[in-house]
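# Descriptive analysis of the structure
So you can see what is in the structure, the chains are spelled out below.
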Amino acid sequence: MNAVEKLAVRYKELIGSPPEGIWFAPGRVNLIGEHTDYNDGFVLPFALEQRALVAAGLREDARVVMHALDLGETTELSLPELRPGIGGWQAYLSGVLWALREAGNQVGGITMVLTSDVPFGAGLSSSAAIECSGMAAACDLFGLDIAPMDRAKLAQRAENVYVGAPTGLLDQAASTLCRADTGLFLDCRTLETAEVPLPLHEQGVEILVLDTRTPHSHVDGEYGERRATCEQAARLLGVSALRDVTDLEAALAELPDERMRKRVRHVVTENERTRAALELARAGKLSALPPLLDASHASMRDDYEITVPTVDLAVETARHHGALGARMTGGGFGGCIIAWCSLGQAVGIADAIQNAFREAEFREPAWFTAKPSEGAGRLA
């Protein structure tokens, strides 16, 4: 049986009747635009084929029954028990119900059975995929007319407040709003979006996504330190956020130390690269994107200082073995890289990285080729 069939069977075993529907939401990868979101800047993610699936149906009582197919675990709560502080996978599903109710929407009892093939802990937004699939199911079942961006914001609130993870809107927006064969250009200040055509195969391109399987070290406070530094720099420069810096050299001359100057330089130039990527893609010039990816990685490595040896080795090896461009993707300190490859080259490049990791005595990486895919919805 495939995943959809397994979901339906398990739902019927739990409830005694088939689900009223099956909803999905994908993980995402960020093509370019790193650590720009909390600086009111620009990002350009696209949705992955890998996705969370939720089989769901209404209940006559005021209970929320959640089952994780992959873990074989079931949790049951009453609606009044939905409150911040619930941990585990359950929080991502129950959190969206809490966020909907808190926003004044009528939400009743519901049963949800979950499965997901979005790699966990790889920086590909497995949590947002769960939240946004649950959001799609709840909105349909309870007849809630909520616009896609507002759904993403409610899912983000669930993660920020209910789960307790201080993420930006990028993940939930990508999981909800992306379309097949396109990227999503998002202005993180205005929340305006633009579809970015990514007809990869038509232009002889494939994107390798490789998980270095290096645990993130945000617990060390590195993410928070960089965010605080950016906010401090914006105050010193008299702007509301670093996206407002228009004269980089003049701004750098006003800052008190080299560390802060490096952080600001990354954010300002990364915004420029992301806007340039938008214009190139709109013009159908995907072949001109790889140098932007390379420059983005160098900036994250040298100015923002968020790469680690496994990530740098993966990027360097990818380029050495024929990748047209490569960069770390995600928050940094581990996680994934993406490599822009000529069609048919990704397998060989991934093999070369695996060999390099073996020689360096790093953990064996995992990889796949990415296909820009559809955002959250209901399966036919």
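Residues numbered from 1 in each chain as written. Predicted model: local features only at pLDDT ≥ 70, side-chain atom pairs only at ≥ 80, totals over all residues. Heavy atoms only, no water.

If you look the chain up in an unreviewed UniProt entry, it shows as Galactokinase from Arachnia rubra. UniProt, in its Sequence similarities (unreviewed entry) section for the chain, records the words "Belongs to the GHMP kinase family. GalK subfamily." (UniProt positions renumbered as here; feature names shortened; annotations may be inferred.)

### Topic: the environment of Ala152
Turning to its location among the elements, Ala152 is positioned in helix H4 (residues 148-163). When the C-alpha positions of Ala152 and Cys132 are compared, they lie 7.2 Å apart, and in sequence the two are 20 residues distant. Beyond its immediate chain neighbours, meaning those up to four positions away, Ala152 contacts Leu169, Gln172, Ala173 and Thr176. (Helix = DSSP H or I, 4+ residues; strand = E, 2+ residues; numbered from the N terminus. Contact = heavy atoms within 4.5 Å.)

### What to know about the nonpolar core
Leu31, Leu100, Met112, Leu124, Ile207, Val209 and Trp340 are the most contacted members of the largest nonpolar core, which has 70 residues in total. Per element, the largest residue contribution to this core is 9 residues, and it comes from helix H3 (residues 126-141). Counting 38 residues, the second largest nonpolar core, distinct from the first, contains Val264, Val267, Tyr304 and Ile337. (Core = buried A, V, L, I, M, F, W, Y, C linked by side-chain atoms within 4.5 Å. Buried < 20%, exposed > 50% of the residue type's maximum accessible area, 1.4 Å probe, protein only.)

### Overview of the sheet that holds strand E10 (residues 336-342)
As summarised here, the arrangement of the 4 strands in space is E9-E10-E8-E11, forming an open sheet in which the pairing is antiparallel. Of all strands in the sheet, those bounded by a partner on one side alone are strand E9 (325-329) and strand E11 (366-370). Ignoring which end each strand starts from, the neighbouring axes of this sheet average 25 degrees apart. Lying on the sheet, helix H9 (residues 290-302) is in contact with E9 and E10; it crosses E9 at an angle near 45 degrees. (Pairing = 2+ DSSP bridges. Axes fitted to C-alpha atoms, helices over the stretch in contact; angles between N-to-C directions.)

### Considerations on H4
In this model H4 runs 21 Å from its N-terminal to its C-terminal C-alpha over 16 residues, within 8% of the 22 Å that 1.5 Å per residue would give. Within H4, the full set of buried residues consists of Met149, Arg151, Ala152, Leu154, Ala155, Gln156, Ala158, Glu159 and Tyr162. Following H4 by one or two positions, Gly164 has its phi on the positive side, about 95 degrees. (Expected span 1.5 Å × (residues − 1).)

### Details of the pairing of strand E1 (residues 21-32)
Of all 12 residues that make up E1, 12 are buried, and the element is covered over most of its length. Note: E1 against strand E2 (residues 42-58), 10 bridges, orientation antiparallel. Along E2, the bridge assignment pairs Ala25 with Ala52. Relative to strand E12 (residues 377-378), E1 runs antiparallel, the two being bridged by 2 bridges. The partner of Phe24 across the bridge, within E12, is Gly377.

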